[in-house]
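Descriptive structure summary
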Amino acid sequence: MSSMKKTIVNLFTGFLGVGKTTALRHLIATRPATEKWAVIVNEFGEVGIDGAALMNDELPVAEIAGGCLCCVAGPQMTATVATLLRRERPDRLLIEASGLAHAAGVIDELRAKPLGDALEVGAVLTLVDPRQFVSPDYLRQPLYRDQVAIADVLVANKTDMADVETLEAFRAQAGKLFPPKSVVAEVRDGLLDVSWLDAAVTLKPRYRPAITADSGSGWDSAGWTFSPEQAFSGEKLTDFFDSLPKLLPGLVRAKGVFKVLDSWVWLNWVEGQWSASQVSWRRDSRFELIAPALDNAKVEAALQACFE
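Just so we're clear, the structure is a prediction, and the values are computed from it rather than from any experiment.

In this structure, T159 sits in the loop between strand 7 (153-156) and helix 9 (164-175). The contact partners of T159, leaving out residues within four places of it in the chain, are L167, E186, V187 and R188.

So, in structure tokens, the structure goes:
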């Protein structure tokens, strides 16, 4: 299938009740006439409601009911996607992951063979209710954090139900997310902009991250990205993070997301301590740091030495 043009797949995620189906209907209604789309809805529960709501005469909609895309429906998802691609040959496939789906697992599945040969994973859109987003109770839930972390496009829906303080808090928190989003938007009634589906970030090997205002001036900052195919050695990364204070005297901050074997790891160095945890980000491996002075070539060489 490699000679064929790949179908772009956009994952569409968000917590239960945030208005995903309405938003998806709006996207479908504004689909460019030149693009052929197909849709897969994963409804948590036995009866697929969303599929019926989305049916329209010319748009193929497939459903996976009775479980979450990545666990119960892993093999079923692969089969459903493969059949749909073969039958419809769409330019774009939209997958609405149920509010409970682990988006990261779905993306790994879409990237792996056999699907990866036919698909290109495009921007992931995550819908949030800003009132939930700013509540610490939600951010404590790993699933919710997953859906926020994996988004390329983060959209606050139902903004007409949120007050000014909530929306300001949403903007402030969304602006601090690492890795940064390519689009952060606010809408009501699910009125998404169809161009956001193409918002996937172009890979820049080297970039300058925004330094937060409170870090004072006189610091230098730099960032690097690596393709999602490039794996890093966990052991070498550990040594690298241990050696950072020597490598960069006066280091203020270092953080990164790296693909290690089949998982993705977030490493964070602050105030002389570093910690690691698994994350759902899947776009690229990336590393950022802030220090009084940076020798970019030296840092880059040290990073490349951590390749698997």
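Residues K113 and P114 are joined by a peptide bond in cis, for which omega reads 0 degrees. Of note, P114 is situated in the loop between helix 4 (103-111) and helix 5 (115-118). Of note, the phi angle at D189 is positive, near 55 degrees, even though the residue is not glycine. Mapped onto the fold, D189 is located in the loop between strand 8 (183-186) and strand 9 (206-207). Using a relative accessible area of 48% as the deciding quantity, one classes D189 as partly exposed.

Attention now goes to helix 11 (residues 296-304). Burial in helix 11 covers these residues: V299, A302 and L303. Angular distribution of buried residues about the axis of helix 11 spans 100 degrees; they occupy a single face of the element.

The next subject is the sheet that holds strand 11 (residues 253-260). Read from one edge to the other, the open sheet built from six strands follows the order 9-10-14-11-12-13, with strand pairing classed as antiparallel. Of all the strands in the sheet, the pair left with one neighbour each is strand 9 and strand 13 (273-278). Bridge analysis of strand 9 against strand 10 (residues 220-226) gives two bridges, and the strand direction is antiparallel. Of the residues in strand 10, the one forming a bridge with Y207 is G223. Here helix 10 (residues 234-247) sits on the sheet and contacts strand 11, strand 12 (263-270), strand 13 and strand 14 (285-291); the angle it forms with strand 11, its principal contact strand, is near 175 degrees.

Summed over all chains, the structure comprises 16 salt bridges. Across the salt bridge formed by R131 and D129, the nearest N and O atoms sit 2.7 Å from each other. The class for D129 is buried, based on a relative accessible area of 5%. D137 is the partner of R140 in a salt bridge, and the nearest nitrogen-oxygen pair spans 2.8 Å. One salt-bridge network, in which partners are shared between bridges, spans E35, R92 and D198.

What follows covers the environment of S182. Tracing the backbone through its elements, the reader meets S182 in the loop between helix 9 and strand 8. The class of S182 is partly exposed, set by a relative accessible area of 32%. With 18 residues separating them in the primary sequence, S182 and A200 have C-alpha atoms 7.0 Å apart. Those residues in contact with S182 that lie beyond four places of it in its chain are D152, A199 and V201. For S182, the side chain forms a polar contact with the main-chain oxygen of A199, separated by 2.9 Å.

Let's shift gears to the pairing of strand 10. Counting buried residues along strand 10, six of its seven residues qualify, which places the element largely inside the surrounding structure. Sheet topology places strand 10 next to strand 14; seven bridges connect them, and they run antiparallel. In the sheet register, D220 faces strand 14, and the bridge partner there is A291.

Inspection of the secondary structure puts V9 in strand 1 (residues 7-14). Between the C-alpha atom of V9 and that of G122, which follows or precedes it by 113 residues, the distance is 5.5 Å. Dropping the residues within four chain positions of it, V9 is found in contact with L93, I95, L110, L119, E120, V121 and G122.

So, on to the packing of aromatic side chains. Think of a pair of aromatic rings as described by two things: how far the centres are apart, and how the planes are tilted against each other in angle. One pass over the structure, following the stated rule, counts 16 aromatic pairs. When the ring of F232 is compared with that of F307, the centres are 5.2 Å apart and the planes differ by 85 degrees; the resulting orientation is edge-to-face. One end of the pair, F232, is in the loop between strand 10 and helix 10; the other, F307, is in the segment after helix 11, with 75 residues separating them in the sequence. We classify F232 as buried; its relative accessible area is 0%. With centroids separated by 6.4 Å and ring planes inclined at 85 degrees, the aromatic side chains of F241 and F258 adopt a geometry described as edge-to-face. Remark: F258 occurs in strand 11 and F241 occurs in helix 10; sequence separation between them is 17 residues. By the burial criterion, F241 is buried, and F258 matches it. Within the aromatic cluster, the residues linked to one another by ring pairs are W224, F226, F232, F240, F241, F258, W274, F287 and F307.

Each value, and the rule that gives it
Residues numbered from 1 in each chain as written. Predicted model: local features only at pLDDT ≥ 70, side-chain atom pairs only at ≥ 80, totals over all residues. Heavy atoms only, no water. Helix = DSSP H or I, 4+ residues; strand = E, 2+ residues; numbered from the N terminus. Contact = heavy atoms within 4.5 Å. Buried < 20%, exposed > 50% of the residue type's maximum accessible area, 1.4 Å probe, protein only. Arc of directions from axis to C-beta. Pairing = 2+ DSSP bridges. Axes fitted to C-alpha atoms, helices over the stretch in contact; angles between N-to-C directions. Salt bridge = Lys/Arg side-chain N within 4 Å of Asp/Glu carboxyl O. Polar contact = N/O pair within 3.5 Å; in protein donor to acceptor, adjacent residues only side chain to side chain. Phe/Tyr/Trp six-rings, centres within 6.5 Å; stacked < 30°, edge-to-face > 60°.

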